[in-house]
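# Secondary and tertiary structure notes
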Amino acid sequence: MDVKKPIANPLIVLREEFDDWAILFDPDTGNAFGLNPTGVFIWKLLDGRHNPDDIVNRLREEADNVPEDAGEHARRFIASLEQQGLVGYEIEQGPGAGTGVRG
Amino acid sequence: MKLMRTPKKVDIDITNRCNLRCRYCYHFESAGDADGDGDLPAEEWLRFFGELNRCAVTEVTLAGGEPFLRGDLREIIRGVVENRMRFAILTNGTLITDEMAAFLASTKRCNYVQVSIDGSVPESHDAMRGRGSFARALQGLQALRRNGVRAAVRVTIHRKNVHDLEGIARFLLEDIGLGSFGTNSAGAMGLCRKNAEMVQLTVEDRILAMETLLRLSKQYNGRIQAMAGPLAEARTWLDMEDARLEGRPPMPDRGALTGCGCYRSSLSVRADGVITPCTMLSQIELGRINRDDLATLWREHGLLNALRERGHIPLSRFPFCEGCDYVPYCTGNCPGLSYTLAGEVNHPSPDACLRKFLAEGGRLPDRALLC
Ligand code: SF4
Ligand code: SF4
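Presented here is an overview of the structure given in this document.

What follows concerns the site of ligand 1. The full set of residues close to ligand 1 is Cys 18, Leu 20, Arg 21, Cys 22, Cys 25, Phe 28, Gly 65, Asn 92 and Arg 129 of chain B. Taken together, the residues that form the shell around ligand 1 break down as five nonpolar, two polar and two charged.

Following this line, the structure appears as structure tokens:
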């Protein structure tokens, strides 16, 4: 079971534009990535307290007609964010550990 | 048209002081020349940057006056960086040291530093900016380039350098080796208005500047750019004239006061902390930093929303445009210049009026010169 709880890189700016669409802006590179409303919903839950299954469950609570394979889509989406350095994971160091971001 | 939830960019005059007094400066003696009680302390700007961060603003342009006059510029820039933004700086270049350029490079957040160079030799630059400023601006420019900071050169065209455009292009693109440079012309605001006789291009100068710049732009494969001024006008006006001659249908987003929509994506702040729609509209006071909520002001301010509705006002409504064949292809241009020259924001700008230019003896360049 995947228990990794992704956490958004705090340096990345979420700019919500129109109709719940948004861009993620990386100030270090100046690169911007477009997000659709589902992407925005997921991004806001990348707080180190939700794993991908939690996120999909929340999505099902909030939206109608969420497809069967939404979990797989969400995982792929998070993996692509990770690849681009927009998301990391909290380092598990046992009780009382710090909250460094890696990824 | 839909409105962004917050501005994307904010242009900030971080000082009202300058070490030069260029004869065509649009800042001094305009409403933007707002001293208040001197420069705002860095803490005020840092607090404001915190709000910009919360509003997800991604870029600030630091201008003035001369931004490098501020002894605490590094602190201000660190505040920009800490608040997840990138920045650009508009400068006369004369105060940039290697040390400062290295600092700018170290932040990795600098989009560009725009340096004004108006000549190929000291005479044409210094004529308007003051003796010694050419050499010092070049030193500043080279310090930026040595340290890997993207330097954007802006050439302001005026009466004393309009005959030196070939020399300027050769100097900047060949001798110095810039990838490109931008052009503009001395406008009709601030000190430029006061010194109009000495500074502003005559109709003959404008014809010369348009032809020369189009030719040079072609010769240098588009490495000369313009958002305003003779080169931009030449391209726009040739397009309007072609449309008229061919009897083309009205162009989308033309035929009304659609010129410039910067207040749909950005805001400006004067050196006294007053928020305005744009540096060219610095007489329109929308609020004050660290007092008024920026996101609310952005969405709800009546004057700002009225400006955004400007694009629905047809040019055919103005006696100024009566009977003009260019109406379906014209945008009415910059509202800041309209205000300065016609006394109203909601008016076409007489400065950028093609019909007026032709009526005063103007001539469009040969379209074969277009890239
Ligand atoms: S144009 Fe720039 S350098 Fe010249 S006086 Fe104005 S602010 Fe200073
Ligand atoms: S009169 Fe001037 S501003 Fe009005 S439509 Fe004609 S060209 Fe444009």
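Residues and elements named next belong to chain B. Assignment of secondary structure puts Thr 15 in the loop between strand S1 (9-13) and helix H1 (42-54). Since its relative accessible area comes to 0%, Thr 15 is described here as buried. Polar side-chain contacts of Thr 15 include one of 2.9 Å to the backbone nitrogen of Arg 17. Within polar-contact distance, the side chain of Thr 15 engages the side chain of Asp 39 at 2.9 Å. Excluding residues that lie within four positions of it along the chain, Thr 15 makes contacts with Asp 39, Ala 63, Gly 64, Gly 65, Glu 66, Pro 67, Arg 70 and Ala 271.

The next point concerns the sheet that holds strand S2 (residues 13-16) of chain A. All names here are of chain A. The three strands lie next to each other as S2-S3-S4, forming an open sheet whose pairing is antiparallel. The strands lining the two open edges of the sheet, one partner per strand, are S2 and strand S4 (31-35). For this sheet, the mean inter-axis angle between neighbouring strands, taken without regard to orientation, is 25°. Sheet topology note: the strand S3 (residues 22-26)/S4 ladder contains five bridges and is antiparallel. If you follow Ile 23 over to S4, its bridge partner there is Gly 34. Packed on one face of the sheet, helix H1 (residues 37-44) meets S2, S3 and S4 and runs near 140° to S2.

Attention shifts here to the packing of helix H4 (residues 122-129) of chain B against helix H5 (residues 133-146) of chain B. All names here are of chain B. Remark: H4 packs on H5, axes separated minimally by 8 Å, with the N-to-C direction vectors making an angle of 105°. With respect to their mutual orientation, H4 and H5 come out roughly perpendicular. Here Pro 122, His 125, Asp 126 and Arg 129 of H4 lie close against H5, whose contacting residues are Ser 133, Phe 134 and Ala 137.

So, about the site of ligand 2. Surrounding ligand 2, one finds Phe 320, Cys 321, Cys 324, Val 327, Cys 330, Pro 348, Cys 353, Leu 354 and Arg 355 of chain B. Across the shell around ligand 2, the residue classes break down as eight nonpolar, no polar and one charged.

Accessible area lost upon the coming together of the parts is a frequently used measure of interface size. In this assembly, 16 residues from chain B lie in contact with 16 residues from chain A. Counting each side, the surface lost to burial between chain B and chain A is near 1,400 Å², with a carbon and sulfur contribution of 50%. Per-residue buried area on chain B facing chain A is highest for Lys 2, Arg 5 and Arg 84 of chain B; these three make up 44% of the total on that side. Between the two partners, chain B and chain A, sit four salt bridges. The salt bridge partner of Asp 20 of chain A is Arg 5 of chain B, with a shortest N-O separation of 3.3 Å. Put simply, chain B and chain A have twelve residue pairs in polar contact (both at pLDDT 80 or more) between them. Along the lines of polarity and charge, the residues of the side of chain B that touches chain A split into seven nonpolar, two polar and seven charged.

Rules behind the numbers
Residues numbered from 1 in each chain as written. Chains lettered and ligands numbered in written order. Predicted model: local features only at pLDDT ≥ 70, side-chain atom pairs only at ≥ 80, totals over all residues. Heavy atoms only, no water. Near = heavy atom within 4 Å. Nonpolar A, V, L, I, M, F, W, Y, C, P; charged D, E, K, R; others polar. Helix = DSSP H or I, 4+ residues; strand = E, 2+ residues; numbered from the N terminus. Buried < 20%, exposed > 50% of the residue type's maximum accessible area, 1.4 Å probe, protein only. Polar contact = N/O pair within 3.5 Å; in protein donor to acceptor, adjacent residues only side chain to side chain. Contact = heavy atoms within 4.5 Å. Pairing = 2+ DSSP bridges. Axes fitted to C-alpha atoms, helices over the stretch in contact; angles between N-to-C directions. Parallel < 35°, antiparallel > 145°, perpendicular 65-115°, else oblique. Buried area = accessible area lost by both parts, 1.4 Å probe. Salt bridge = Lys/Arg side-chain N within 4 Å of Asp/Glu carboxyl O.

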